[in-house]
Amino acid sequence: MSVDTDTVKRVARLARIKVSEDDATRMTGELNAILGFVEQLDEVNIDGVEPLTSVVEQTMKKRADGITDGNKANDITLNAPASEDNFFMVPKVVE
């Protein structure tokens, strides 16, 4: 796949990016180089290769799944302008 200057300008317009004529010409070469690299990656044979999440085999660290209230209500409402019993106090907005 090859990108021309008109395509770069169209993509820039769709992305709402202002691109000058010189920048569009420069970007055309850069985008073609990137797409060439992606085409090289497409040629690599990956038959029989399992997808990896990490290069090194790891076991996931797990923690106990316990439900708590966090014990942080006091800390959370500490900077509130007005609070009562660990609840935020706000002015009444509906009559």
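These numbers were taken from a predicted model, which means no experiment stands behind them. (Residues numbered from 1 in each chain as written. Predicted model: local features only at pLDDT ≥ 70, side-chain atom pairs only at ≥ 80, totals over all residues. Heavy atoms only, no water.)

## Things to note about the overall build of the protein chain
Thought 1: For the protein chain, the count of helices and strands is three helices and two strands.
Thought 2: For the protein chain, the α and β elements follow one another from N to C terminus as α-α-α-β-β.
Thought 3: Relative to a compact globule of 95 residues, whose C-alpha radius of gyration would be 12 Å, the protein chain shows 28 Å and is clearly more extended.
Thought 4: With 95 residues in all, the protein chain has 7% of them scored as buried.
Thought 5: Taking contacts inside the protein chain between residues at least 6 apart in sequence as the whole, the part at least 24 apart equals 29%. (Helix = DSSP H or I, 4+ residues; strand = E, 2+ residues; numbered from the N terminus. Rg over C-alpha atoms; globule rule 2.2 N^0.38 Å. Buried < 20%, exposed > 50% of the residue type's maximum accessible area, 1.4 Å probe, protein only. Contact = heavy atoms within 4.5 Å.)

## Quick word on the pattern of salt bridges
Thought 1: In total, this model carries three salt bridges according to the counting rule given.
Thought 2: The shortest N-O distance in the salt bridge between Glu30 and Arg26 comes to 3.0 Å. In this pair, Glu30 and Arg26 both sit in helix 2 (residues 21-42), four residues apart, roughly one turn of the helix.
Thought 3: Classification of Glu30 as partly exposed rests on a relative accessible area of 41%.
Thought 4: It is possible to trace a salt-bridge network through shared partners that takes in Asp23, Arg26 and Glu30. (Salt bridge = Lys/Arg side-chain N within 4 Å of Asp/Glu carboxyl O.)

## Quick notes on unusual backbone geometry
Thought 1: The backbone of Arg16 sits at a positive phi, close to 60 degrees, despite the residue not being glycine.
Thought 2: Relative to the assigned elements, Arg16 resides in the loop between helix 1 (5-14) and helix 2.
Thought 3: Residue Asp85 is not a glycine yet carries a positive backbone phi of 55 degrees.
Thought 4: With respect to the secondary-structure elements, Asp85 resides in the loop between strand 1 (83-84) and strand 2 (87-88).

## Digging into the packing of helix 1 against helix 2
Thought 1: It is at 9 Å that the axes of helix 1 and helix 2 come closest, and there the two elements cross at 105 degrees. Looking at the two axes, helix 1 sits roughly perpendicular to helix 2. Mapping the contact onto sequence places Thr5, Val8 and Lys9 in helix 1 and Glu21, Ala24, Met27, Thr28 and Leu31 in helix 2.
Thought 2: Each residue belonging to the contact of helix 1 with helix 2 can be placed in one class, and the counts come to four nonpolar, two polar and two charged. (Axes fitted to C-alpha atoms, helices over the stretch in contact; angles between N-to-C directions. Parallel < 35°, antiparallel > 145°, perpendicular 65-115°, else oblique. Nonpolar A, V, L, I, M, F, W, Y, C, P; charged D, E, K, R; others polar.)

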